Every structure is written in C-alpha cells, then in structure tokens.
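Coordinate inspection notes
Each chain, written out:
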Amino acid sequence: MNSLKSLYQRFVLIPADFKDSLSEKNRKIIKVLSFFSLYFGIFFYTFFSIFPAAAFREKTFLFSIYYFSFVFMGGINIALIHTKIPSSFLVFLTLIEMQGIIVFHIILLTSASNIIIVFIGLMFALVMFLEVNPFVFTVELLSYFAILYLVFDNELIKIPADNFILCFFVMILLVCWKRKHLINEYIRNAQLETLKEKTEELLHNLLPDSVIEQLKKDGKSPPKKYDNMTVLLSDIVNFTKISTTVSPYFLINELNDIFTQFDKITESHNCIRIKTIGDAYMAVCGLPEKNASHAENLILCAKDFIEWLNARNKSAQIKWDIRVGLASGSSIAGIIGKRKYLYDILGDTVDYAVKLQNACTPMHIRLSPATYNLVKDKMEIPEIVEVDNQIKEKK
C-alpha cells in the first residue's frame, strides 16, 4: 500500500495549491485545439463537398461526416470552456473525441500504417499539450482498446496487436513522465516562491521599501541628502551595569522583547527603524519618503515607547528606563556595504540626537530647538518632553 501511495504521489497527485494554475493551463490549450479543430473541419468539409476525392468517391458521405465531426467537436469544446465545467472533464472529453477520430479512420482507411500514424500523431499531440491524469488515461485507453478489438474485425484493418500494445505502453510511460515532470516543476516553483518571500521579508527588515524597489529596478541605490527629517535615538539607562548581573540569554530575550515592541510602535507612526546597536535604538521619519509630520510622528513614537515601558515595568522582573533624544534637520542616508547591506544615516543631526539622548532625564524625551519649533504650534507637547538648553538661551 505504501508503495502504491508513493507512486500515486509521484506520478498522479497534483498539490492542491497548483490545481487552479493547471486547470487554467488546460483550458487555454483546449481552447487552441478546439479552434484548430473547428477551422480545420470547416476548411476540409467545404473542400471535399466541392471537390470530392475520386479515390474515395464511394465514401464521400462518410468523409463529409468525418470532417463535420471536427467542426462539431471544436464548437462543443469552445462552448464548454466558458462554463464552470472542471477542466479534468474537458480533458477527458477531448481524449474521447480524439479516439472517435481514430475510429473514423478505421472505417475510412483500412491501411494499418495510416491508422497507426494517425493514432500516434493524435494521441501524442494530446499527451504533449494537455496535462492528463495518468490513472484516468490508462483506464480509459484500456477500455478504448478493448472496445476497438471487440467491435472491429482485426483482419479488416490488418493491424498486428503488438503494434497497439507497444503504442499503449509508450503513451502511458509518456503521460507518467510528463506528470512527474509537472509535479516536480510545481514543487520547485513553490520552493522558489517560498525562498523569494523569505528574501523579500528579510530585505524589508533591513531596508526601506522604496530603497528595495530601487535596488530591484536599477541594481543600486545611491546615497541621498534629506533636508527635512527627524531622527530618534534612545538607549537604556544603566544597561551595562545591569547586564553584568543577569544571564546573556535573559538579556537578549529582554532586548528582543523591548525592540520588537518598539518596531511595532515605530511602524504605527509611519516611521522606520534604522538600526539597533546594543541597547541603542535609532528610528527616523521624513526619509526616504517625505513626511511633513516627521517631528510630530517621532515625538508620539517616543511617548508610546515610554508609556509601554512604564506598563511593562509594573510586572517585569527588571525595570528598564530609557532616555530619548530627537533632532530635526538634514542628513545623508544610503546603503553601506556590498555583501551585507546596512541602511544608515549620517550627519550633524544624527550626532546632535546622540548628545540629546545622553543629556536626557530617564523616561523623558529631549528635543532639539529645531524639533521643538516644528511642533510647538501643531500639537500638545507631552509633559515628559524636555527642550535642549539652546532654546532657553534664545528666550
């Protein structure tokens, strides 16, 4: 039983995810074959009606029926293609129709060589173009040969039985090989698609979406200067001291939990995380896509950081505090490295954000004068916000 199941999976079973694409492929091929049958039948039916072949004049009526059958079968298939009938039924119907054509040849042409050529040609065309279920094909073909030899006198058509038997096994092997190749192709494509999705996900974790699209399009993403942006830099208070009192495993889990939540908050405010260095977390808004609310967004982002940490500290084993610095202005952003991409930002604004963060009161947000001026008339400044001394001196 296991061996039969294995054979069925290797040569017959189409994965469920691929059935729709297989069905669509079969419908397209049947449509082409049907139009060919229709026009082929119309041409030769008209031709033999006007110019009946002298050698087959006594069979003119049969030839007319024969070529009209192409018209009929083509028209039926074209009509059925546009219905909800499963493609497997259409494939089976096409198989029956082609075998009907072979029966007509047996009636019209008693030459064994002609019949074998027609049989091989039509069945080979069907097998090569359509995706046929090997099990259904085998059972149907066996039934067809049985009926053929019961109904027709083998002496009449003078076809040795071993010729048909050889054709039978060749066709079955061809159908099984083609189905196995199809299944392997679908599995390989699925694996490639999964790998592509994982690569895309990894890239989206490393680079902004617009930078990824530019890399795909141009193969490179030159650095750019952005004049209106805000950068956020936060770090954990006393992180180095606390890290010596806990296990590395616990410490990494804590950072992972905190930064994962920071990422969610950052995305919710239309900002992007640039990088983490140890316990430091850097995010920006206003690049690479412009955002007129870059300063407001990052203030709300920093505020949510602190509120989430306050809630977490109520039940956490270790209570973590952060300092946050925000600076607005210009910076240069681009990809650093060739083999391991890192999207980074540089400039005085970034350096200033570092200084603001270092000078900030724990669990507060320290703003640069430029950032404060951008938001003072647009939003209510949270109580935990501090403004750098430079602005006080201006007052």
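Structure: see above.
Quick summary incoming for the structure in this document.

Calculation criteria
- Residues numbered from 1 in each chain as written.
- Predicted model: local features only at pLDDT ≥ 70, side-chain atom pairs only at ≥ 80, totals over all residues.
- Heavy atoms only, no water.
- 1 Å grid on protein atoms, 1.4 Å probe; cavity = no way out; pocket = protein on both sides within 12 Å on 5 of 7 lines; lining within 4 Å.
- Points joined across faces, edges and corners; volume = space filled by probe spheres on them.
- Helix = DSSP H or I, 4+ residues; strand = E, 2+ residues; numbered from the N terminus.
- Nonpolar A, V, L, I, M, F, W, Y, C, P; charged D, E, K, R; others polar.
- Core = buried A, V, L, I, M, F, W, Y, C linked by side-chain atoms within 4.5 Å.
- Buried < 20%, exposed > 50% of the residue type's maximum accessible area, 1.4 Å probe, protein only.
- Contact = heavy atoms within 4.5 Å.
- Expected span 1.5 Å × (residues − 1).
- Phe/Tyr/Trp six-rings, centres within 6.5 Å; stacked < 30°, edge-to-face > 60°.
- Pairing = 2+ DSSP bridges.
- Axes fitted to C-alpha atoms, helices over the stretch in contact; angles between N-to-C directions.
- Parallel < 35°, antiparallel > 145°, perpendicular 65-115°, else oblique.
- Left-handed = near helix turned anticlockwise from the far one by under 90°.

Looking now at empty space enclosed by the protein. What the rule picks out here adds up to 2 cavities of 30 Å³ or more. Of the pockets and cavities examined, the second largest cavity occupies roughly 30 Å³. Lining the second largest cavity are V127, L130, E131, V132, V175, K178 and R179. If one sorts the elements of the lining of the second largest cavity by residue count, helix 8 (residues 161-206) sits on top with 3 residues. Here the lining of the second largest cavity is built from residues that sort into 4 nonpolar, no polar and 3 charged.

Attention shifts here to the nonpolar core. Most often, soluble globular proteins keep nonpolar side chains buried together rather than apart. Ranked by internal contacts, the top residues of the largest apolar core, which has 37 residues, are W320, I322 and L326. Broken down by element, this core gets its largest block of residues, 8 residues, from helix 12 (residues 294-313). If we ignore the near neighbours within four places in the chain, the residues touching I322 are D235, I236, V237, F262, F305, I306, L309, T361, P362, M363 and H364.

Here the focus is the layout of surface pockets. Space inside the largest pocket adds up to approximately 470 Å³. Residue lining of the largest pocket: 24 residues in total, with H204, P208, C271, I272 and R273 positioned closest to the centre. Elements supplying a minimum of two residues to the lining of the largest pocket: helix 8, helix 11 (248-268), strand 2 (272-277) and strand 3 (280-285). In terms of residue class, the lining of the largest pocket is made up of 12 nonpolar, 6 polar and 6 charged.

So, on to the side chain of E386. Relative to the elements of secondary structure, E386 occurs in strand 7 (residues 385-387). The contacts of E386, once residues within four sequence positions are left out, are C360, T361, H364, I365, R366 and L367.

Counted at 1.5 Å a residue, the expected span for helix 2 (residues 19-50) with its 32 residues is 46 Å, and the 46 Å between its end C-alpha atoms agrees. Within helix 2, the full set of buried residues consists of L22, S23, N26, R27, I29, I30, S34, S37, L38, G41 and F48.

This part is about the packing of aromatic side chains. Within the structure shown, the criterion is met by 10 aromatic pairs. Ring plane angle 45° and centroid distance 5.5 Å describe the contact between F259 and Y281, whose orientation is recorded as tilted. Residue F259 is located in helix 11, and its partner Y281 is located in strand 3; the two are separated by 22 residues in the primary sequence. Like F259, the residue Y281 is buried in the burial classification. Centre to centre, the rings of F262 and F305 are 3.9 Å apart; their planes meet at 10°, and the pair counts as stacked. Linking F262 in helix 11 with F305 in helix 12, this pair joins segments that are 43 residues apart in sequence. Overall, F262 belongs to the buried group, its relative accessible area being 1%. An aromatic cluster is built from F259, F262, Y281, F305 and W308, whose rings are joined through pairwise contacts.

As a further point, take the pairing of strand 1 (residues 224-236). One ladder, built from 11 bridges, connects strand 1 with strand 4 (residues 322-336); its direction is antiparallel. Bridge pairing in strand 4 links L233 to G325. Of the strand pairs in this sheet, strand 1 and strand 3 are connected by 5 bridges, and their pairing is antiparallel. By the bridge assignment, V231 is partnered in strand 3 with V284.

Put simply, helix 11 and helix 12 touch, their axes get as near as 10 Å, and they point 140° apart. Considering their axes alone, helix 11 and helix 12 lie oblique with respect to each other. Crossing handedness for the pair helix 11 and helix 12: right-handed. Between helix 11 and helix 12, the residues in contact are E254, D257, I258, Q261, F262, I265 and T266 and C301, D304, F305, W308, L309 and R312, respectively. Residue composition of the contact of helix 11 with helix 12, by class: 7 nonpolar, 2 polar and 4 charged.

Let us now look at the environment of P369. Looking at where P369 falls in the secondary structure, it is placed in helix 14 (residues 369-375). You can call P369 buried: its relative accessible area is 7%.

In this model, L287 is joined to P288 through a cis peptide bond whose omega is -5°. Inspection of the secondary structure assignment puts P288 in the loop between strand 3 and helix 12. The backbone phi angle of N238 is positive, close to 60°, even though this residue is not glycine. By the element assignment, N238 lies in the loop between strand 1 and helix 10 (239-243). Accessibility expressed as a relative area gives 51% for N238, which makes it exposed. At N270, a position not held by glycine, the phi torsion is positive, near 60°. Mapped onto the elements of the fold, N270 is located in the loop between helix 11 and strand 2.

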